[in-house]
Every structure is written in C-alpha cells, then in structure tokens.
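# Residue-level structural notes
Single-letter residue listing:
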Amino acid sequence: MSDLFAPAPTDNLLPYDGKVHDLGCIIDDDCQLYAALLTELPWQPDRVTLFGKTHITTRQVVWMGEKELSYQYSGHTRHSLPWSDTVFHVKLYIEQQLSSIGIDANFNSCLLNYYPTGHDGMGYHADDEKELGAQPVIASLSLGAIRKFVFKHKKTQDKVALYLESGQLIVMHGETQRFWKHSITKTKTVADGRISLTFRHLQPT
Ligand SMILES: O=C(O)CCC(=O)C(=O)O
Ligand SMILES: [Fe+2]
C-alpha cells in the first residue's frame, strides 16, 4: 500500500551536512528472508574495544564480501566470509534500487547485524574508517522488529530519528559519515529480533 505521507525516495532526511534517503519497503518476502539469514549464517558476537576495554556484544554479526578483504573497526581486524547466495542476490537487488534514484553503487562487502531483542542496540558511531573512502555510500536493509535509528550531528548535536521497518531500505551518502553519527536505540518494549544488512564499498589497502 502506498502511503501519501511517506517521504519520496529522493527527499533528503538530513537537514544539512550529509544525505540520507529512505527508499521505503523494497522487499515482499521480508519474513522469509529474515528466517533464511537467521538459520543460514554463522552469527557470532561482536568484539568492540573502547578506551582500551574490550566488550563482547549480545548483538551478533557476520561480515561478508569479496575474497580476501580485511577491515579494521572498533579496534579489531575482521576477515570476510565469501558472499552467500542469499546475500549476493540482495546486494544486486539493492544496487538496482539505488540506481533507480541515481545512486551508483558497487558494494564489495556487507556487515550483517542481528539484534535478538530490544535489549541489543548499537551505540553512536560513524562509519568513517579510511578504507571506506571520503564519501562512502552505505545502504542498510532492515528485517524483523521495528527499531529506532537516530542520527546525531557531531558538532551541533542536532538529532534526526526514524523508525526502520521490516523490508525498508535506507542509504547514507555524501558527507553523512563525516558530520553525523548514528545509532540503534535500545528499548525494553521490543521482544523480537531484527537483522540489518549494511552494504559498503571498501577500497583495497
Ligand atoms: O543495524 C543498523 O541498522 C545499524 C548498523 C550500523 O550502523 C553498522 O553496522 O554500522
Ligand atoms: Fe553504522
């Protein structure tokens, strides 16, 4: 069903210093895709080192992409698994959706996150590692429980919040990572799981 008040995919959700587009729900069989990813992939807890202290997250991750990529973030080097058929098909479909709004993307990697309940979140961060380049295009597909996603400007602290629904695709590009952080807010009111697929392009180092 189309929603008269839904943003157009070409609207910019950020007021300044970056670009975020909401392409809405792009997947019909989101429940099936969620179940397939949950059972097929080798989910593992993430390790995050902040101020010299290592935390093991209840959020689970899988990192996938082209062969022999390795990637540094949150203080750890990650090695990628080869694309699974399912994730590779999603990648091609998302690239096609982005090209229909004039965004040229060729993703060579995907970080998948699984949040078992609302108790699992992701703190404010920017995906601004050097390997991602100056103006990275990062596409994020949500599946499962609806969760609140918040952008916070690094200098002004202005916030932009949205609720991400199952099957919904957003894309961050332009200066977004340079000027804004983003997070998934923890909540006591969500008992169900959510999976996000965040597609990126890493430059070989
Ligand atoms: O789960 C999400 O939508 C956010 C994930 C994220 O920010 C990341 O993987 O860098
Ligand atoms: Fe992120």
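Read on for a plain summary of the structure. These numbers were taken from a predicted model, which means no experiment stands behind them.

## Some details on the overall build of the protein chain
The helix and strand inventory of the protein chain stands at three helices and 14 strands. Here the C-alpha radius of gyration of the protein chain, 16 Å, is about what a compact globule of 205 residues would show, namely 17 Å. Seen through its principal axes, the protein chain has C-alpha atoms that stretch 45 × 40 × 40 Å. Going through the 205 residues of the protein chain one by one, you find that 31% of them count as buried. Taking the contacts inside the protein chain whose residues are at least 6 apart along the sequence as the reference set, 74% of them involve residues at least 24 apart.

## Looking at helix 1 (residues 30-40)
Along helix 1, the residues classified as buried are Leu-33, Tyr-34 and Leu-37. Down the axis of helix 1, the buried side of the element spans an arc of 100°, and every buried residue falls inside it. Residues of helix 1 that are exposed and angled more than 90 degrees away from the buried face: Gln-32 and Thr-39. Considering only its buried residues, helix 1 is in contact with helix 2 (85-99), strand 7 (109-115), strand 9 (138-144) and strand 14 (194-200).

## Examining the site of ligand 1
In the vicinity of ligand 1, the contacting residues are Leu-111, Asn-113, Met-122, Asp-127, Ser-140, Phe-149, His-182, Ile-184, Ser-196 and Thr-198. Among the secondary structure elements, those contributing two or more residues to the shell around ligand 1 are strand 7, strand 13 (180-184) and strand 14. Tallied by class, the residues present in the shell around ligand 1 amount to four nonpolar, five polar and one charged.

## Focus on the sheet that holds strand 11 (residues 159-164)
Taking strand neighbours across the sheet as the criterion, the four strands line up as 8-13-10-11 in an open arrangement whose pairing is antiparallel. The open sheet terminates on both sides in strands that have one partner only, identified here as strand 8 (122-125) and strand 11. Strand-to-strand twist of the sheet, defined as the mean angle between neighbouring strand axes without regard to direction, takes the value 15°. Pairing geometry for strand 10 (residues 147-153) and strand 11, over six bridges, is antiparallel.

## Quick word on the nonpolar core
As a rule of thumb, nonpolar side chains are buried together in soluble globular proteins. Grouped together as the largest cluster of nonpolar side chains are 34 residues, with contacts concentrated most on Cys-110, Leu-112, Ala-139, Val-171 and Leu-197. Going through the elements one at a time, strand 1 (19-25), helix 1, strand 3 (53-65), helix 2, strand 7, strand 9, strand 12 (168-173) and strand 14 are the ones with two or more residues in this core. If you tally residues by element for this core, the top one is strand 7, at five residues. Beyond its immediate chain neighbours, meaning those up to four positions away, Cys-110 contacts Met-64, Gly-65, Val-87, Lys-91, Leu-197, Thr-198 and Phe-199.

## What to know about the environment of Gly-167
Position of Gly-167 among the secondary structure elements: in the loop between strand 11 and strand 12. Along the chain, Gly-167 and Ile-27 lie 140 residues apart, while their C-alpha atoms are 5.0 Å from each other. Not counting chain neighbours up to four residues away, the residues in contact with Gly-167 comprise Cys-25, Ile-26, Ile-27, Asp-30 and Leu-143.

What counts and what doesn't
Residues numbered from 1 in each chain as written. Chains lettered and ligands numbered in written order. Predicted model: local features only at pLDDT ≥ 70, side-chain atom pairs only at ≥ 80, totals over all residues. Helix = DSSP H or I, 4+ residues; strand = E, 2+ residues; numbered from the N terminus. Rg over C-alpha atoms; globule rule 2.2 N^0.38 Å. Buried ≥ 20, exposed ≤ 12 C-beta atoms within 10 Å, placed from the backbone. Contact = placed C-beta atoms within 7 Å. Arc of directions from axis to C-beta. Near = placed C-beta within 6 Å. Nonpolar A, V, L, I, M, F, W, Y, C, P; charged D, E, K, R; others polar. Pairing = 2+ DSSP bridges. Axes fitted to C-alpha atoms, helices over the stretch in contact; angles between N-to-C directions. Core = buried A, V, L, I, M, F, W, Y, C linked by C-beta atoms within 7 Å.

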